[in-house]
Amino acid sequence: MDQSNSTIKVRGLTKSFKDLKVLTGIELEVKRGTVLALLGPNGAGKTTTIRILSTLLRPDGGDAFIDGHSVVKEPDKVRASIGLTGQYAAVDEYLTGRENLEMMGRLYHLSRADAKIRGEELLEQFDLEKAATRTVKTYSGGMRRRLDLAASLIATPPVLFLDEPTTGLDPRSRLAMWGIIEQLVEADVTILLTTQQLEEADMLADRIAVLDHGRIIVEGTSDELKAKVGKERLELTIRKDNYEKAIQLLGGEVVQKDPQRHLVSIATSGTVHEIKRVLEKMEAATIEVESMSVHKPTLDDVFLQFTGHGAEANQNTEELTNA
Amino acid sequence: MKILTYKTRQVKAQEHSSFYWLINDLSVFIERSLKHIFKNKDQLLGLTVQPIMFMMLFRYVFGGAINTGGTTYVNFLVAGILIQSVAFGALTTSLSVATDLQRGIIERFKSLPTVSWGVLMGHVSADLVRNILQSVIMIGVGMLVGFRPTASVTDWFAIAGLILLFTFAISWVAAIMGLVAKTIEAVQWLGFFIIFPFTFASAAFAPTDSMPYALRLFAENQPVTHIIEAVRALMIGTPVGNHIVLSIIWFTGITIIAIPIASYLFRQYSGR
Ligand SMILES: Nc1ncnc2c1ncn2[C@@H]1O[C@H](COP(=O)(O)OP(=O)(O)O)[C@@H](O)[C@H]1O
Ligand SMILES: [Mg+2]
């Protein structure tokens, strides 16, 4: 048993597939009743991490502890306290929504009565009552994802793994999913979720860990991350023959440049005052700004900040074939 | 849009012996696969229409051209077509396993505090039920087109026992094929290449003595021929020889080897 009060502890996790080093020493902690977002581009190793934590894959080195139980040495104990919702909905097409939930309840070793009651509760809470007696084959993508999540909640597990829970969802279903996740946290569930979007991590998570090429490049609260990355991005398009001059003038403030499109990005607090200061500075130096825009930093900006390269997909395009 | 709410009282897993859970988990998986028989239209069609078509095809199209000596062709045919259908029926297990792998359902079951290889047992059990139903349908159709069995009640029980043993063995082999092939397309090819020669290069549709020497050597000594000859002998009273004993040895042996291999492959499976 591990003595700290973190529900999820990950220690020095490594994993390779043949020659491909996918994880090279992951360290993480998630406190009870909080959300950690594992943020990274396609191929960064998010799914691999989740699969190790949910006992589906053995790590080459290191270990992880769920509620004090080792995923390597006590997989059965771990399985009893986790719920897993994978990247693609894994529900039985030929059964109805209700049958799926009851089956999962019984496989989690609930009594028949409990499995039934929980099934009905979840059907109602996830707005699947009307579809309860239809086979899943007839469900939309959003409905499948909801059923998939409901299935992993049937035994009220204290720990939940969500692998890209909103990828591929339409905006409405996405908002609904966010709402559910927030309520799960209120119900004291500990959640580790993965996402490719900084905005989503910011929205849902207490802490964010950024994964790149199999290691955590930065970890902290969303405020800590923003303090490092800057709250807002001010993007200026400079008249072509003024571009070099602008870069020199802005100096250390520049976080990203694109000479081809004569673009330059600056990290700012996003206040009108700040923006005015920058524009006046340009004006004073007779640099012509053709257009400007303010936007929230993206995963790309975070990557630029910490690795010097953008968040391009890490390996191959294999993910696409799974979709 | 409805605002989704998540609130719940906590529920707890029950406390029981691990044997209790073994039985619980297996029965959940068996129940699941049995539901598939009736909810999956492909399976229902395969179960009913296909054997009837095969029966008609051989009885009326090829039957006239095949010389079966003293017995009528339809009396000769039923045992062969029965075993052939059962063997192809086992492919449903391969397909179900591959489908579960492709959909990520097996991964999901493996993340549960469950006897997850039970999912294989579920598919194999559904095969047993399906094949019994299918056999009854085929024998019924056979009788409509002139099949006149001479089997006693005990003989019928022996036939049922042999068919169940055969199905059980072949379904575990089919489960292995599903785990190896991993995709539905690959299963179709693999199934064709493995099941086709064993069922057609056998005594299923024609007596082996009309075959060229090499083929005949294979056909007369491979296990599927033994089970066909055994079932045929029990049905219509042709000489039974040692076919029953050899069938039991072969298919018990295959089962004993196939189950550990299937469960090993199942445990080893780790995505893709
Ligand atoms: N079972 C596997 N065999 C071989 N390579 C794999 C396997 N699973 C994942 N990979 C590779 O490992 C890398 C990380 O994959 P993954 O963890 O799925 O990334 P993410 O979920 O962050 O997109 C990718 O390059 C992927 O192709
Ligand atoms: Mg992934």
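The model shown is predicted, which means the values in this text are computed figures rather than measured ones. (Residues numbered from 1 in each chain as written. Chains lettered and ligands numbered in written order. Predicted model: local features only at pLDDT ≥ 70, side-chain atom pairs only at ≥ 80, totals over all residues. Heavy atoms only, no water.)

Undergrad: I would appreciate a short explanation of the overall build of chain A in the present structure.
TA: Helix and strand counts for chain A stand at 12 helices and 14 strands. Considered along the principal axes of its C-alpha atoms, chain A spans approximately 75 × 45 × 35 Å. The long-range share in chain A, meaning contacts at least 24 apart out of those at least 6 apart in sequence, stands at 68%. With an accessible surface of roughly 14200 Å², chain A has 50% of that area assigned to carbon and sulfur atoms. For chain A, the distance from the average site of its 41 positive side-chain charges to the average site of its 50 negative ones is 2 Å. (Helix = DSSP H or I, 4+ residues; strand = E, 2+ residues; numbered from the N terminus. Contact = heavy atoms within 4.5 Å. Areas by Shrake-Rupley, 256 points an atom, 1.4 Å probe, with all protein chains shown as cover. Lys, Arg positive; Asp, Glu negative; His and termini not counted. Charge placed at Lys NZ, Arg CZ, Asp CG, Glu CD.)

Undergrad: Please clarify how the sheet that holds strand 13 (residues 263–268) of chain A should be interpreted in this entry.
TA: Whenever strands of a sheet pair, they do so through backbone hydrogen bonds, lying parallel or antiparallel. All names here are of chain A. Taken in spatial order, the four strands make up an open sheet running 12-13-11-14, and their pairing is antiparallel. Either end of the sheet is taken by a strand with one partner, and the two such strands are strand 12 (254–258) and strand 14 (289–295). Sheet twist, expressed as the average angle between the axes of neighbouring strands with direction ignored, equals 20 degrees. By the bridge criterion, six bridges tie strand 11 (residues 232–238) to strand 14 in an arrangement that is antiparallel. If you follow Thr 237 over to strand 14, its bridge partner there is Ser 291. Sheet contacts for helix 11 (residues 299–307): strand 11, strand 12 and strand 14; angle to strand 12, the most-contacted strand, approximately 110 degrees. (Pairing = 2+ DSSP bridges. Axes fitted to C-alpha atoms, helices over the stretch in contact; angles between N-to-C directions.)

Undergrad: Please clarify how the sheet that holds strand 8 (residues 190–195) of chain A should be interpreted in this entry.
TA: All names here are of chain A. Pairing is mixed in the open sheet, where six strands are placed in the order 6-7-8-3-9-10. On the outer flanks of this sheet lie strand 6 (82–85) and strand 10 (215–221), each paired with one strand and no other. The mean inter-strand angle of the sheet, taken between neighbouring strand axes irrespective of direction, is 15 degrees. Looking at chain direction, strand 9 (residues 207–212) and strand 10 are connected through six bridges and run antiparallel.

Undergrad: Looking at this structure, how should I read the nonpolar core?
TA: Inside soluble globular proteins, nonpolar side chains tend to come together where they are buried. Formed by 73 residues in total, the largest nonpolar core has its most connected members in Ile191(A), Val210(A), Phe109(B) and Leu120(B). With six residues, helix 5 (residues 141–153) of chain A is the largest single contributor of residues to this core. Excluding anything up to four places from it in sequence, Phe109(B) contacts Met103(A), Met104(A), Leu107(A), Phe29(B), Arg32(B), Thr114(B), Ser116(B) and Val119(B). With 44 residues, the next largest nonpolar core counts Leu91(B), Val141(B), Leu162(B) and Met177(B) among its residues. (Core = buried A, V, L, I, M, F, W, Y, C linked by side-chain atoms within 4.5 Å. Buried < 20%, exposed > 50% of the residue type's maximum accessible area, 1.4 Å probe, protein only.)

Undergrad: Explain the pattern of salt bridges to me, please; I cannot follow it from the model alone.
TA: One side chain can pair with another of opposite charge once the charged atoms of both are near each other. Tallied over the full model, the rule gives 30 salt bridges over all chains. The partner of Glu29(A) in a salt bridge is Lys9(A), and the shortest N-O contact between them spans 3.8 Å. Separated by 20 residues along the polypeptide, Glu29(A) in strand 2 (residues 20–31) and Lys9(A) in strand 1 (residues 6–17) bring together distant segments of the chain. Residue Glu99(A) pairs with Lys35(B) through a salt bridge whose shortest N-O separation is 3.7 Å. Of this pair, Glu99(A) sits in helix 3 (residues 97–107) while Lys35(B) sits in helix 1 (residues 18–39), each in a different chain. Since its relative accessible area comes to 26%, Lys35(B) is described here as partly exposed. What emerges from the salt-bridge pattern is a single network uniting Glu99(A), Arg106(A), Glu31(B), Lys35(B) and Lys39(B). (Salt bridge = Lys/Arg side-chain N within 4 Å of Asp/Glu carboxyl O.)

Undergrad: I tried to follow helix 5 of chain A on my own but got confused; where do I start?
TA: Each full turn of the α-helix corresponds to 3.6 residues, which orients residues three or four apart in the same direction. With 13 residues, helix 5 of chain A extends 19 Å between its outermost C-alpha atoms, agreeing within 8% with the 18 Å of an ideal straight helix rising 1.5 Å per residue. In terms of residue burial, helix 5 of chain A counts as a mostly covered element, since 12 of its 13 residues are buried. Regarding helix 5 of chain A, the residues found buried are Gly142(A), Met143(A), Arg144(A), Arg145(A), Arg146(A), Leu147(A), Asp148(A), Leu149(A), Ala150(A), Ala151(A), Ser152(A) and Leu153(A). The secondary structure elements touched by the buried residues of helix 5 of chain A are strand 6, helix 3, helix 4 (112–125), strand 7 (159–162) and helix 6 (171–186) of chain A together with helix 5 (105–110) of chain B. (Expected span 1.5 Å × (residues − 1).)

Undergrad: Help me out: how do you make sense of the interface of chain A and chain B in this one?
TA: Bring the parts together and some accessible area is lost; that lost area is often taken as the interface size. Every contact between the two is made by 56 residues of chain A and, on the other side, 39 residues of chain B. Summing both sides of the interface, chain A and chain B together bury roughly 4300 Å²; the carbon and sulfur share of this comes to 53%. Among the residues of chain A in contact with chain B, Tyr94(A), Leu107(A) and His109(A) are the three that bury the most area, contributing 18% of the side total. Seen at the junction of chain A and chain B, the total is six salt bridges. Linking Arg106(A) and Glu31(B) is a salt bridge whose minimum nitrogen-to-oxygen distance equals 3.2 Å. Joining chain A to chain B, the criterion identifies 17 residue pairs in polar contact (both at pLDDT 80 or more). Of all elements in the fold, only helix 2 (75–80), strand 6, helix 3, helix 4, helix 5, helix 6 and helix 12 (318–322) of chain A reach the threshold of two or more residues within the side of chain A that touches chain B. Per element, the largest residue contribution to the side of chain A that touches chain B is eight residues, and it comes from helix 4 of chain A. (Buried area = accessible area lost by both parts, 1.4 Å probe. Polar contact = N/O pair within 3.5 Å; in protein donor to acceptor, adjacent residues only side chain to side chain.)

Undergrad: Is there a simple way to explain the confidence of the model for chain A in this structure?
TA: Low pLDDT marks regions whose predicted coordinates should not be analysed in detail. All names here are of chain A. Of the residues in chain A, 93% reach a pLDDT of 70 or more, and the chain-wide mean stands at 87. Confidence, expressed as mean pLDDT per element, reaches its minimum in chain A at helix 12 with 38 and its maximum at helix 3 with 97. Note on residues 316–323: pLDDT is under 50 here. Beyond four places in sequence and across chains, it has seven contacts. (pLDDT = per-residue confidence, 0-100.)

Undergrad: What am I meant to see in the packing of aromatic side chains here?
TA: Residues and elements named next belong to chain B. Following the criterion strictly, the structure yields 13 aromatic pairs over all chains and no others. An angle of 75 degrees between the planes, with centres 4.9 Å apart, marks the rings of Phe 29 and Phe 109 as edge-to-face. In this pair, Phe 29 sits in helix 1 while Phe 109 sits in helix 5, placing the two residues 80 residues apart along the sequence. You'll find Phe 29 and Phe 109 in the same group, each marked buried. On the numbers, 6.0 Å between centres and 80 degrees between planes, the contact of Phe 192 with Phe 193 is edge-to-face. With relative accessibility at 40%, the residue Phe 192 sits in the partly exposed group. Grouped by ring-pair contacts, the aromatic residues Phe 54, Phe 58, Trp 189, Phe 192, Phe 193, Phe 196, Phe 200 and Phe 205 constitute a single cluster. Of note, Lys 110 hangs over the ring of Phe 266, and the distance from its end group to the ring centre comes to 5.2 Å. Taking the ring centre of Phe 76 as reference, the NZ or CZ of Arg 232 above it sits at 3.5 Å. (Phe/Tyr/Trp six-rings, centres within 6.5 Å; stacked < 30°, edge-to-face > 60°. Lys NZ or Arg CZ within 6 Å of the ring centre and 35° of its normal.)

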